[in-house]
Amino acid sequence: MADHERHPFLHGLSKHRGSPPTVVVIFGASGDLTARKLIPAIYNLAADGLLPADFYLVGFGRKSIPDAEFQAVARDAIREFSRRELSDDIWSRLAPRTLYVSGGYDERPAYDRLAARLAALEKESGQELQVLFYISTPPSVFAPIIQNLGASGLAARYLRRPHQSKVIIEKPFGRDLASARDLNRELTTVFTEPQIFRIDHYLGKETVQDLLVQRFANAIFEPLWNRNFIDHVQITVAEEVGVGSRAGYYEQSGCLRDMIQNHTMQLLALTAMEPPVSLDAESIRDEKVKLLNAIQPLRLGPGGDTARAQYTEGLVGGGLVPGYLQEAGIASGSSTETYAALRLSINNWRWAGVPFYLRSGKRLAHRVTEIALRFKRAPGNIFPESDRFNLAANTLAFQIQPDEGLSMVLNAKIPGLETRTQPVQMNFRYATTFGSNTPEAYERLVLDAMIGDGTLFIRGDETERSWQLVTPILEFWKEQGRAGLDIYAAGSWGPASSASQLAANGHSWREP
Ligand code: BG6
């Protein structure tokens, strides 16, 4: 029998990682994330032959629809959002395993229906299946889902298996320290920590994982990666898009919660943590928590370590776009920040005295995520700054997205009969070296959760520590309302107050 007949998802690709027979249950099956990311991710895993032979996808949602309708929705989602085109061959094997259970998230009998469906799948496949509960709903129903998974016995039923059940939980994980603690408490009442996979999709990005490889597989970096050589670090997560149709969510969130507390802090932790003793999940997460613990409380108010602002009308991509307050669904006089910047001090031997600047915003000049390490200038002055000697500080920049890669700013001699210098840039581009069809973050994350590898997920103590850092800022900003809220024109690089924060230390933001 040919491989692909025995194994409906095997298509001749070499596989280094295998998952046990699995059912993925998606709560929030009709949501945007499911269509844009989760279903295409599962489809691409199938296309790569990375799904187990016995794989099922069960959508769970409020809408009452038959399996066939969910299958049609899934097919359309793949057609529209998958990085690979829909292939009839792959889809014809996945479609009959794509099922649907309807019910309210707080409706107990719905969980009994789900349990019956899962039991029927085990019967059909003639073996025990691992169940992965993927909670991809609005946060208001996280708790009822978790409680019902507990009360219905569903979480426990699949616990004492060689491959115990798992739960993936989407962001936002809480909205401050207290709510994150509550959510952790709910989760750990029903699941154990190794069963819990808290998503930060930035950790699934190829280049974020490459950061670990670059740092720890290249011996040249470690001796330089400290206060003796590095002047400061800038982490930028800039978006060109505005609030779009997400006003309801964003008004309650703002940039600090939406981008800084999670994605940007994760980039910081991976950049600044100590080398882990191994690549296993706990070693890496221990180092990240240690690093987060070394961050000093921020100084609030004028002249402090934070900046926040809102975009006003401006030019983006050659077109005039409205300011935040003019966007649909935004409260007049809203004080929600669309830009946030922090200046962090890390109190340990490696980083004492090295400022870490973090910024994120919507409607900035263009979409770019980068981590830039600015080195100290060469000592001595045999090349005194002048017309002849144009010199820049060495900068190592990890471009996380788009145009993924790594660049280094060096000073070089301009060819010619006299010595003149100019900064030059050395580039490594992923797309040039490896081609551009890299997996999406969610492919990696869904596969890792199926395998039970938590390295690219956030541990409970990690999320609480990062909320502990930002919660005083959130409270202070709330109390201040619009006082101290700066503005910036859409399409610019952010507010003046953020620039002056760096200028106070003799630094300036890069324009990547
Ligand atoms: C999400 C935020 O977590 O990340 C969005 O809620 C943001 O506001 C998005 O646009 C950015 O993700 P990416 O992968 O496009 O950089």
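Scroll up for the structure.
This section reports on the structure supplied with the text. (Residues numbered from 1 in each chain as written. Predicted model: local features only at pLDDT ≥ 70, side-chain atom pairs only at ≥ 80, totals over all residues. Heavy atoms only, no water.)

**What about the overall build of the protein chain?**
Moving on, step 1. Counting its secondary structure elements, the protein chain contains 15 helices and 17 strands.
Moving on, step 2. For the protein chain, whose C-alpha radius of gyration is 25 Å, the value lies close to the compact-globule estimate of 24 Å for 512 residues.
Moving on, step 3. With the C-alpha coordinates of the protein chain rotated into their principal frame, the extents come out at 80 × 55 × 45 Å.
Moving on, step 4. For the protein chain, buried positions account for 54% of its 512 residues.
Moving on, step 5. Sequence separation of 24 or more characterises 77% of the internal contacts of the protein chain that already satisfy a separation of 6 or more.
Moving on, step 6. A total accessible area of about 22000 Å² is found for the protein chain, and carbon and sulfur atoms account for 53% of it.
Moving on, step 7. Averaged over its 55 positive side-chain charges, the protein chain has a centre that lies 2 Å from the centre of its 58 negative ones. (Helix = DSSP H or I, 4+ residues; strand = E, 2+ residues; numbered from the N terminus. Rg over C-alpha atoms; globule rule 2.2 N^0.38 Å. Buried < 20%, exposed > 50% of the residue type's maximum accessible area, 1.4 Å probe, protein only. Contact = heavy atoms within 4.5 Å. Areas by Shrake-Rupley, 256 points an atom, 1.4 Å probe, with all protein chains shown as cover. Lys, Arg positive; Asp, Glu negative; His and termini not counted. Charge placed at Lys NZ, Arg CZ, Asp CG, Glu CD.)

**Section: the pairing of strand β15 (residues 405-413)**
Moving on, step 1. Taken together, the five bridges between strand β14 (residues 395-401) and β15 define a ladder with antiparallel strand orientation. What sits directly across from threonine 395, in β15, is valine 409.
Moving on, step 2. The antiparallel pairing of β14 with β15 creates a hairpin that spans three residues between the two strands, and aspartate 403 there sits at a positive phi of about 50 degrees. (Pairing = 2+ DSSP bridges.)

**Focus on helix α8 (residues 177-190)**
Moving on, step 1. Between its first and last C-alpha, α8 extends 20 Å over 14 residues, near the 20 Å set by a 1.5 Å rise per residue.
Moving on, step 2. Listed in full, the buried residues belonging to α8 are Leu177, Ala180, Leu183, Asn184 and Leu187. With its buried residues spanning 125 degrees around the axis, α8 presents them on a single face.
Moving on, step 3. For α8, the elements touching its buried residues are α6 (142-151), β5 (166-169), β6 (196-198) and α14 (460-480). (Expected span 1.5 Å × (residues − 1). Arc of directions from axis to C-beta.)

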